[in-house]
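One letter stands for each residue in the lines below.
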Protein chains: 4
Amino acid sequence: MYEARGEKHWFIPDGYIPEISSGALVSHESVCVLNCSSEEASVRLTIYFEDRDPLEDIVVVVPPRRTNHIRTNSLLKNGEPIPVGIPYAIEVTSDIPVVVQYSRLDATQAENALMSVMAYPIK
Amino acid sequence: MYEARGEKHWFIPDGYIPEISSGALVSHESVCVLNCSSEEASVRLTIYFEDRDPLEDIVVVVPPRRTNHIRTNSLLKNGEPIPVGIPYAIEVTSDIPVVVQYSRLDATQAENALMSVMAYPIK
Amino acid sequence: MYEARGEKHWFIPDGYIPEISSGALVSHESVCVLNCSSEEASVRLTIYFEDRDPLEDIVVVVPPRRTNHIRTNSLLKNGEPIPVGIPYAIEVTSDIPVVVQYSRLDATQAENALMSVMAYPIK
Amino acid sequence: MYEARGEKHWFIPDGYIPEISSGALVSHESVCVLNCSSEEASVRLTIYFEDRDPLEDIVVVVPPRRTNHIRTNSLLKNGEPIPVGIPYAIEVTSDIPVVVQYSRLDATQAENALMSVMAYPIK
């Protein structure tokens, strides 16, 4: 049995899905979750905006001893995706400890730009 | 009622507003604040320089259950903006816990470059 | 005698070896380990995937008072490298405290993109 | 009197001074130190390598209520700079608490790439 490691509650204040892609790569963001335990992790994402109410409790599963690099543009709440081209923020909760990193590839220009942060853990 | 999460005091040592933009995007920095609580957060920014006294107590409000991606070039202290093209640092204090991330898009060249860090929390 | 500093257990959820390089630089990732102590550090990496079992216990040595910027494409487990072009995650354990940072240079396009994070420590 | 904030001991495992610059910007790294206190901070940097002994105790001063974005290529130890084009790591100690962030601009290609991390604090 492998033990769960990390935290159950994480925040990423700077979310943004670029509107445009050009060149060889597609603009995207990933919420990268690592579950190093022998149990499945049930992860919930809440999306906060600047000017409207949050989208709450989008559920994603991370199998035991696996990582899941969740594309934010694949997330749906009642059939609706996260809108592109507007600032937002992400809250991640999990039923067991996991580790969460956030990365963005911006391919608005033909040449891509990358950024990445470890999410902020609540202990 | 949603509880406030994060910390009340954060630091970002590497601030810089690029002087030039070219291509499709405009150079800018964002101080991204997430207030996941049911109460409004009153946030204060102090700007430190290498060669002059700080600009103190620029106030920004973050509504309940909202994020605010604050553009540093929009901040004014007694009508004066943060000067561009010089190194500075940022202190963020809030009356309730929030989470703070800092990102910079540098579009000095036609192709953009991105960087991002979680601000450093004082607990 | 110099004391060991940092932690013995770190995580990097967002690993990815780009498939393509163009221009003057080669796409690569580095797991940068600093051992500031007077003793050798024995470091073990475990690689997690989205759809298959982990590659466990790849061993790397970091000499006393040295850094080792480990190229992930140089790591071998039973003669097999980490596959390129697929998402993965990294666990780092060490027999003495070290500090771990992860950086990626993506040269898929002729113009390079950089990202870097401090790994997430388990204390 | 303003209180010192942050930590007295920080690490940055991934240091690298690019050999080449092209386009409008010059490749460089900055160790960005913020001293928000009313006292001067005396900061010491030790540089670790992969294949030789460290350069120890390069001293830099950060005045009260100021930031100092230290260019690594300006640092000298017995008249010698940090060599370019090789991997290294940085240890930062300070006599009073400060906050430390590390950023790199790589302008090897005409279009620049940026990365930044908060240094790792020892508490």
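Since this is a predicted model, take the numbers as computed values, not measurements. (Residues numbered from 1 in each chain as written. Chains lettered and ligands numbered in written order. Predicted model: local features only at pLDDT ≥ 70, side-chain atom pairs only at ≥ 80, totals over all residues. Heavy atoms only, no water.)

### Digging into the overall build of chain A
Okay, step 1: Check the secondary structure of chain A and you find 0 helices and 10 strands.
Okay, step 2: Along chain A, helices (α) and strands (β) appear in the sequence β-β-β-β-β-β-β-β-β-β when read from the amino end.
Okay, step 3: Expected size for 123 residues packed as a compact globule is a radius of gyration near 14 Å; at 15 Å, chain A falls within 12% of this value.
Okay, step 4: Seen along its three principal axes, the alpha-carbon backbone of chain A occupies a region of about 45 × 35 × 25 Å.
Okay, step 5: Out of the 123 residues belonging to chain A, those deemed buried represent 60%. (Helix = DSSP H or I, 4+ residues; strand = E, 2+ residues; numbered from the N terminus. Rg over C-alpha atoms; globule rule 2.2 N^0.38 Å. Buried < 20%, exposed > 50% of the residue type's maximum accessible area, 1.4 Å probe, protein only.)

### What to know about the relation of the copies chain C and chain D
Okay, step 1: Of the two same-sequence chains, chain C is brought onto chain D (RMSD 0.0 Å, axial shift 0.0 Å) by a rotation of 90°. With respect to symmetry, the two chain copies, as superposed, fit the operation of a four-fold axis. (Least-squares fit on C-alpha atoms with pLDDT ≥ 70 in both.)

### What to know about the state of the cysteines
Residue and element names in this part refer to chain C.
Okay, step 1: The final tally for this structure, using the stated rule, is 0 disulfides over all chains.
Okay, step 2: Cysteine Cys32 shares no disulfide, and the gap to the nearest cysteine sulfur, in Cys36, comes to 15 Å.
Okay, step 3: You can call Cys32 buried: its relative accessible area is 0%. (Disulfide = S-S within 2.5 Å.)

### Considering the nonpolar core
Okay, step 1: If you look at the biggest cluster of nonpolar residues, it comprises 158 residues, and the most contacted ones within it are A:Val31, B:Val31, C:Val31 and D:Val31.
Okay, step 2: Not counting the four nearest positions on each side in its chain, B:Val31 is found in contact with B:Ile12, B:Leu45, B:Asn68, B:His69, B:Ile70, B:Thr72, B:Ile90, B:Val92, B:Val100, B:Gln101 and B:Tyr102. (Core = buried A, V, L, I, M, F, W, Y, C linked by side-chain atoms within 4.5 Å. Contact = heavy atoms within 4.5 Å.)

### Brief notes about the packing of aromatic side chains
The description of an aromatic ring pair rests on the distance of the ring centres and on the angle between the ring planes.
Okay, step 1: Overall, the coordinates contain 8 aromatic pairs over all chains when judged by the stated rule.
Okay, step 2: Plain terms: the ring middles of A:Trp10 and C:Tyr120 are 5.0 Å apart, the flat faces sit at 65° to each other, and that makes the pair edge-to-face. Here C:Tyr120 lies in strand E10 (residues 120-121) and A:Trp10 lies in strand E1 (residues 7-15), a pairing that spans two chains. Here A:Trp10 matches C:Tyr120 in class, with each residue buried. (Phe/Tyr/Trp six-rings, centres within 6.5 Å; stacked < 30°, edge-to-face > 60°.)

### Points about the interface of chain A and chain C
Okay, step 1: Between chain A and chain C, the contact holds 31 residues from the first and 33 residues from the second.
Okay, step 2: Run the count over chain A and chain C and you get 2 salt bridges.
Okay, step 3: Note that C:Asp53 is salt-bridged to A:Arg66, the shortest N-O span being 3.1 Å.
Okay, step 4: Where chain A packs against chain C, one counts 12 residue pairs in polar contact (both at pLDDT 80 or more).
Okay, step 5: Elements represented by at least two residues in the side of chain A that touches chain C include exactly E1, strand E2 (28-35), strand E5 (66-71), strand E8 (88-106) and strand E9 (113-118) of chain A. (Salt bridge = Lys/Arg side-chain N within 4 Å of Asp/Glu carboxyl O. Polar contact = N/O pair within 3.5 Å; in protein donor to acceptor, adjacent residues only side chain to side chain.)

### Some points on the confidence of the model for chain A
Okay, step 1: Considering every residue of chain A, the mean pLDDT works out to 92; 92% of them sit at 70 or more.
Okay, step 2: Taken together, the chains of this predicted complex give a pTM of 0.95 and an interface ipTM of 0.93. (pLDDT = per-residue confidence, 0-100.)

### Some thoughts on the environment of B:Ser94
All names here are of chain B.
Okay, step 1: Assignment of secondary structure puts Ser94 in strand E8 (residues 88-106).
Okay, step 2: For the pair Ser94 and Lys77, spaced 17 residues apart in sequence, the C-alpha to C-alpha distance is 18 Å.
Okay, step 3: Aside from chain neighbours lying at most four places away, what touches Ser94 is Lys8, Ala41, Ser42 and Val43.
Okay, step 4: Here the side chain of Ser94 touches Ile96 through a polar contact of 2.6 Å, landing on its backbone oxygen.

### Comments concerning the interface of chain C and chain D
Okay, step 1: At the junction of the two partners, chain C supplies 31 residues and chain D supplies 34 residues.
Okay, step 2: Counting each side, the surface lost to burial between chain C and chain D is near 2600 Å², with a carbon and sulfur contribution of 60%.
Okay, step 3: For the pair chain C and chain D, the number of links is 2 salt bridges.
Okay, step 4: At the junction of chain C and chain D, the tally comes to 12 residue pairs in polar contact (both at pLDDT 80 or more). (Buried area = accessible area lost by both parts, 1.4 Å probe.)

### What about the layout of surface pockets?
Okay, step 1: Here the largest pocket defines a volume of roughly 580 Å³.
Okay, step 2: Lining of the largest pocket is provided by 28 residues; of these, A:Pro121, C:Met118, C:Pro121, D:Tyr120 and D:Pro121 occupy positions nearest its centre.
Okay, step 3: Counted by class, the lining of the largest pocket contains 20 nonpolar, 4 polar and 4 charged residues. (1 Å grid on protein atoms, 1.4 Å probe; cavity = no way out; pocket = protein on both sides within 12 Å on 5 of 7 lines; lining within 4 Å. Points joined across faces, edges and corners; volume = space filled by probe spheres on them. Nonpolar A, V, L, I, M, F, W, Y, C, P; charged D, E, K, R; others polar.)

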